[in-house]
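Secondary and tertiary structure notes
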Amino acid sequence: MTLDADGWVNEAERLPSPNCDSYPQPEVPLLVIHNISLPPYRYGGDGVAQLFGNRLDPAADPYYATIAHLRVSAHFFIRRDGSLLQFVSTRQRAWHAGVSQWRGRERCNDFALGIELEGCDFEPFCHAQYRTLAALARLLQRECGIEAITGHQHIAPGRKTDPGPYFDWPRLAAAVGRALPEN
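Sequence order as written defines residue numbering, which begins from 1 separately in each chain. At least 70 in pLDDT is required for a residue's local features to be given in this predicted model, at least 80 for side-chain atom pairs to be given and counted, and no such filter applies to totals for whole chains, interfaces and linings, which use all residues. Water and hydrogen atoms play no part in the side-chain values, which are based on all heavy atoms of the structure.

1. Some points on the nonpolar core
Grouped together as the largest cluster of nonpolar side chains are 27 residues, with contacts concentrated most on Leu-31, Ile-33, Ile-115, Leu-136, Ile-149 and Phe-167. Elements are defined by DSSP. Helices are runs of H or I of four residues or more, strands are runs of E of two residues or more, and each kind is numbered from the N terminus. Elements that contribute at least two residues to this core include exactly β3 (30–36), β4 (76–78), β9 (112–118), α3 (127–144) and α5 (169–176). Element by element, the count of residues in this core is highest for α3, at six residues. Ignoring any residue separated from it by four or fewer positions in sequence, one finds Leu-31 in contact with Leu-113, Ile-115, Ala-137, Leu-140, Ile-146, Ala-148, Ile-149 and Thr-150. Residues belong to a common nonpolar core when they are buried Ala, Val, Leu, Ile, Met, Phe, Trp, Tyr or Cys residues joined through side-chain atoms within 4.5 Å. Classification of residues uses two cut-offs on accessible area relative to the type maximum, computed with a 1.4 Å probe and protein chains only: under 20% is buried, over 50% is exposed, and between them is partly exposed. Core analysis: the next-biggest nonpolar cluster, separate from the first, contains 15 residues, Phe-52, Tyr-64, Phe-77 and Ala-94 among them. Residue contacts follow a heavy-atom distance rule, with two residues in contact if any of their heavy atoms lie within 4.5 Å.

2. Some details on the packing of α3 against α5
When two helices pack together, their arrangement is given by the angle between the helix axes and the distance between those axes. The axes used here are C-alpha line fits, helices contributing only the stretch in contact, and every angle between their N-to-C directions lies in the interval 0 to 180 degrees. Where α3 meets α5, the closest approach of the two axes is 9 Å, and the angle between their N-to-C directions is 45°. The orientation of α3 with respect to α5, classified from their angle, is oblique. Where α3 crosses over α5, the two elements pack in a sense that is right-handed. Between α3, through His-127, Tyr-130, Leu-133, Ala-134, Ala-137, Arg-138 and Gln-141, and α5, the contact on the second element is made entirely by Arg-171, Leu-172, Ala-175 and Val-176. Under the scheme applied, nonpolar residues are Ala, Val, Leu, Ile, Met, Phe, Trp, Tyr, Cys and Pro; charged residues are Asp, Glu, Lys and Arg; polar residues are all the others, including Gly. Tallied by class, the residues present in the contact of α3 with α5 amount to seven nonpolar, two polar and two charged. Here is the rule for angles: anything less than 35 degrees is roughly parallel, anything more than 145 is roughly antiparallel, 65 through 115 is roughly perpendicular, and the remaining ranges are oblique. In a left-handed crossing the near helix is turned counterclockwise from the far helix by less than a right angle, and in a right-handed crossing that turn is clockwise.

3. Some thoughts on the pairing of β3
Counting buried positions along β3 gives seven out of seven residues, so the element sits mostly inside the fold. Residues Leu-30, Val-32, His-34 and Ile-36 line one face of β3 and the alternating positions Leu-31, Ile-33 and Asn-35 line the opposite face, and both faces are buried. Only strands joined by at least two bridges in the DSSP assignment are considered to pair. Examined bridge by bridge, β3 and β9 share seven bridges and lie parallel to one another. Paired with Leu-31 across the bridge in β9 is Leu-113. Pairing of β3 with strand β10 (residues 148–151), which is carried by four bridges, proceeds in the parallel orientation. In the sheet register, Val-32 faces β10, and the bridge partner there is Thr-150.

Below, the structure written as structure tokens:
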């Protein structure tokens, strides 16, 4: 994988989200892993891209009516087949972590990149997703200065549970050469 000068991964499908802004400082040392599926527990649709693009039709699914008003995004989304979508440049702040804290620092969006894995807390992720995630994490460590990788559940305990108990932290740790998650 390669990253262009504007912070876009060349191998990713680009779907720019309006839900981003400038980082308050240039250092981005944290990578946060999430999971998402829209509608919940269903895979392969366009719900995530629609949500991150503010195009989610509240009438398309009963759950969508409860979240269509949200203005959220993540930098990346990895589908079950390993395909990679990018919504926000690594040079911009995505709105993925919400109320959060890491090593005494509040507002993790201010210094983190976010990766969403298509999935849920109740089933394992796919081999293809781990392969793409490992390659992406290595690229972001090398090109963006990522120093630590953690889960949404670790920066927002009690509020968030993703990527969940089925996420294989030892597998990712072996692929990126560091102990994970880093809190």
